[in-house]
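This is what each chain is made of:
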Amino acid sequence: MDSAQQLIAEARARLGPKAVVIDPAEIEPWLSDWRGRVHGASAAMLAPASTEEVVEIVRLAAEHRVPLVPQGGNTGMAAGATPPADGSAILLSMRRMNRVRSISGENRLAVAEAGVVLETLHEGAHEIGMRFPLTLGARGSCTIGGLTSTNAGGTQVLKFGTMRSLVAGLEAVLPDGSVHNGLSGLKKDNRGYSLDQLLIGAEGTLGVVTAVALRLVPAIVGRAVAWAGLASPARALELLRFLEERTNSIEGFELVPQDSLDLVLKHVPGTRPPLSAKWPWHVLAEAATSAPGMDLGADLERLLGEALRAGIIGDAVLASNEAQADAFWKIRDSISEAERAEGQTLAHDISVAVADMPAFITRAASEVEQAFPGVVASGFGHLGDGNIHFHVRALNHAAPDWYEREGGEITRMVDDLVTAAGGSISAEHGIGQLKRSEFARLAPPGRIKALRAIKHALDPLGIMNPGKLLL
């Protein structure tokens, strides 16, 4: 019996059959990344129901020198939760750890286990008149542990920041089986290095996040959602600054090119164009307030009218009800789904300085399309925080080997353009497997050296999520 089989047998004996899944049919759906580009293998999927069971599993992994790959909702974009193809690692599913341990409006804090689905947390906060102000398209399946481990962003970063800003503390099992408990939610704690912050964004390479203390804010009592058509990304940023100078209620501001809108209308049932005419670019803007008595709809409508008269936008429509507001957001949230339905797409999750982003989008798209005639490059997403999803679609270049034959060259070009602009090749999706080589190629040597030193110090056996983040 090899080491992995010994671990599986001992885990089954100590934790029971519910914690050890060995049926290949049950494991198979969790062996590929969300985009279906990376495929792994695993002899079992371990599914602990408590922190104590995670401790037991990690200790067995260390004893038998068997790597673990933590996984939540498996909605990541960088294959960070996909096991190696050689079957050398065991999947560690956190989905059974799905309790909201506590939630308090008075403390403005929720403690949620790693397997809690984001939408479930949203609902729990709403029931007590509060809100967890991070959301994204995968909210119905992504989990708190995965969001924390990848330092997820989403559509409210403009006002509330990334997951790192919303975590008040966390609980995690470290590679030696010890437990770090930082769930007290203290606003001030100066006892040396912050293990909480070290584990946020570590992609499971330094330990297994088991629970997270999360900051809540008062629930929204009013919101207004609008869709505007305009000529360019530069005009979109001009609109954002115009709105920010006149109101502090803007929470979401998403850039959508016409080609992305067309794909959603083509592939996602029930979607309709918000405006009667096509525009080269579109903006989805949301204003929200927790203060009663404000008429955000009238305020936003007035501001958009002023922007129209100033020539910043060409047309706009204000959602007349919640259903229409949700329909606007469905378009934005469905872009990646529509691209996947259309065909092969190279997804680049990038950031540059906010002021530089409009020029970068148009320049980079033009340069990529000139270098690879026939592909289509465009950017969409969180313009207000400098994070755009810069995607390149294969179109007539599509072929089974396109990612291997041409994809690497395109990605290197995009990443070089981003680096030259002083930006980041990973704004919110993490490094995972897909960006490891580019990260190693482009990151400052000092940064790589420090990350490797931290990894070796905390995980000397290399059992935590091998093959991710660092080469």
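Cut-offs applied
- Residues numbered from 1 in each chain as written.
- Predicted model: local features only at pLDDT ≥ 70, side-chain atom pairs only at ≥ 80, totals over all residues.
- Heavy atoms only, no water.
- Helix = DSSP H or I, 4+ residues; strand = E, 2+ residues; numbered from the N terminus.
- Buried < 20%, exposed > 50% of the residue type's maximum accessible area, 1.4 Å probe, protein only.
- Contact = heavy atoms within 4.5 Å.
- Pairing = 2+ DSSP bridges.
- Axes fitted to C-alpha atoms, helices over the stretch in contact; angles between N-to-C directions.
- Arc of directions from axis to C-beta.
- Core = buried A, V, L, I, M, F, W, Y, C linked by side-chain atoms within 4.5 Å.
- Polar contact = N/O pair within 3.5 Å; in protein donor to acceptor, adjacent residues only side chain to side chain.
- Salt bridge = Lys/Arg side-chain N within 4 Å of Asp/Glu carboxyl O.
- Parallel < 35°, antiparallel > 145°, perpendicular 65-115°, else oblique.
- Left-handed = near helix turned anticlockwise from the far one by under 90°.
- Nonpolar A, V, L, I, M, F, W, Y, C, P; charged D, E, K, R; others polar.
- Phe/Tyr/Trp six-rings, centres within 6.5 Å; stacked < 30°, edge-to-face > 60°.

A. Representation of the side chain of threonine 411 within the structure. Within the fold, threonine 411 resides in helix α15 (residues 402-420). The exposure class assigned to threonine 411 is buried, which follows from its relative accessible area of 17%. With residues up to four places along the chain from it excluded, the contact list for threonine 411 reads Leu346, His348 and Glu438.

B. The arrangement of the pairing of strand β16 (residues 345-351) in detail. Taking burial as the measure, the 7 residues of β16 include 6 buried ones, the bulk of the element. Of the strand pairs in this sheet, β16 and strand β18 (residues 387-393) are connected by 7 bridges, and their pairing is antiparallel. The residue bridging histidine 348 from the neighbouring strand is phenylalanine 390, located in β18.

C. Expanded view of the sheet that holds strand β3 (residues 68-71). Taking strand neighbours across the sheet as the criterion, the 4 strands line up as β1-β2-β4-β3 in an open arrangement whose pairing is mixed. Each of the sheet's edge strands pairs with one partner strand only, and the pair in question is β1 (20-21) and β3. The pairing of β3 with strand β4 (residues 90-93) spans 4 bridges and is parallel. By the bridge assignment, glutamine 71 is partnered in β4 with serine 93.

D. Focus on the sheet that holds strand β10 (residues 208-215). Strands sit in the order β5-β6-β10-β8-β9 across an open sheet of 5 strands; the sheet is antiparallel. This sheet does not close on itself; its edge strands, each paired only once, are β5 (100-104) and β9 (179-181). Across this sheet, the average inter-strand angle for adjacent strands is 15°, counted without regard to direction. Sheet topology note: the strand β8 (residues 167-173)/β9 ladder contains 3 bridges and is antiparallel. Residue pairing in the sheet places alanine 172 in a bridge with histidine 180 of β9. This element, helix α3 (residues 51-64), spans β5, β8, β9 and β10 of the sheet and lies at about 50° to β8.

E. Expanded view of helix α13 (residues 335-342). Turning to α13, its buried residues are Ile335, Ser336, Ala338 and Glu339. Here the buried residues of α13 occupy an arc of 160° about the axis, which is enough to place them on one side. Downstream of α13 by a residue or two, glycine 343 has a phi angle that is positive, lying close to 150°.

F. Looking closely at the nonpolar core. In terms of nonpolar packing, the biggest core is built from 48 residues, with Leu239, Val368 and Phe390 touching the most fellow members. Ignoring sequence-local partners within four residues, the contact set of leucine 239 consists of Ala228, Leu230, Phe253, Val283, Leu304, Ala307, Ile312 and Ile313. Membership of the second largest hydrophobic core comes to 29 residues, among which are Leu134, Ile144, Ala172 and Ala202.

G. Main features of the side chain of histidine 64. For histidine 64, the position within the fold is in helix α3. A distance of 3.4 Å separates a polar atom in the side chain of histidine 64 from a polar atom in the side chain of glutamine 6. Not counting chain neighbours up to four residues away, the residues in contact with histidine 64 comprise Ser3, Gln6, Leu7 and Glu10.

H. Local environment of the pairing of strand β13 (residues 250-257). Counting buried residues in β13 gives 8 out of 8 residues, a clear majority hidden from the surface. The sheet contact formed by β13 and strand β14 (residues 281-289) spans 7 bridges and is antiparallel. Its bridge partner being in β14, phenylalanine 253 is matched across the sheet by alanine 285.

I. Geometry of the pattern of salt bridges. Following the criterion strictly, the structure yields 27 salt bridges and no others. Glutamate 342 is paired through a salt bridge with lysine 266; the nearest N and O atoms lie 3.0 Å apart. In this pair, glutamate 342 is assigned in helix α13 and lysine 266 in helix α10 (residues 258-267), connecting sequence segments 76 residues apart. With relative accessibility at 29%, the residue glutamate 342 sits in the partly exposed group. Between lysine 455 and aspartate 459 there is a salt bridge, with the nearest N and O atoms lying 2.7 Å from each other. Of the residues examined, aspartate 459 reaches a relative accessible area of 3% and is grouped as buried. Within this structure, Glu245, Arg246, Asp299, Arg302 and Glu306 form a network of salt bridges that share partners.

J. Representation of the packing of helix α9 (residues 233-244) against helix α14 (residues 357-371) in the model. The geometry of α9 relative to α14 is characterised by a closest axis approach of 8 Å and an angle of 165° between their N-to-C directions. As judged from the angle between their axes, α9 and α14 are roughly antiparallel. Once α9 is placed against α14, the crossing between them reads as right-handed. Across from Pro233, Ala234 and Leu237 in α9, the residues of α14 making contact are Pro358, Ile361 and Thr362. Across the contact of α9 with α14, the residue classes tally to 5 nonpolar, 1 polar and no charged.

K. Structural view of unusual backbone geometry. In this model, asparagine 465 sits at a positive phi of 45°, which is unusual for a non-glycine residue. With respect to the helices, strands and loops of the structure, asparagine 465 is situated in the segment after α17 (445-458). Residue leucine 469 is not a glycine yet carries a positive backbone phi of 70°. Inspection of the secondary structure assignment puts leucine 469 in the segment after α17.

L. Main features of the packing of aromatic side chains. The final tally for this structure, using the stated rule, is 3 aromatic pairs. Seen from their ring centres, phenylalanine 360 and phenylalanine 390 are 6.4 Å apart, and the 65° between their planes marks the pair as edge-to-face. In this pair, phenylalanine 360 sits in helix α14 while phenylalanine 390 sits in strand β18, placing the two residues 30 residues apart along the sequence. Summarising the burial analysis for this pair, phenylalanine 360 and phenylalanine 390 share the class buried.

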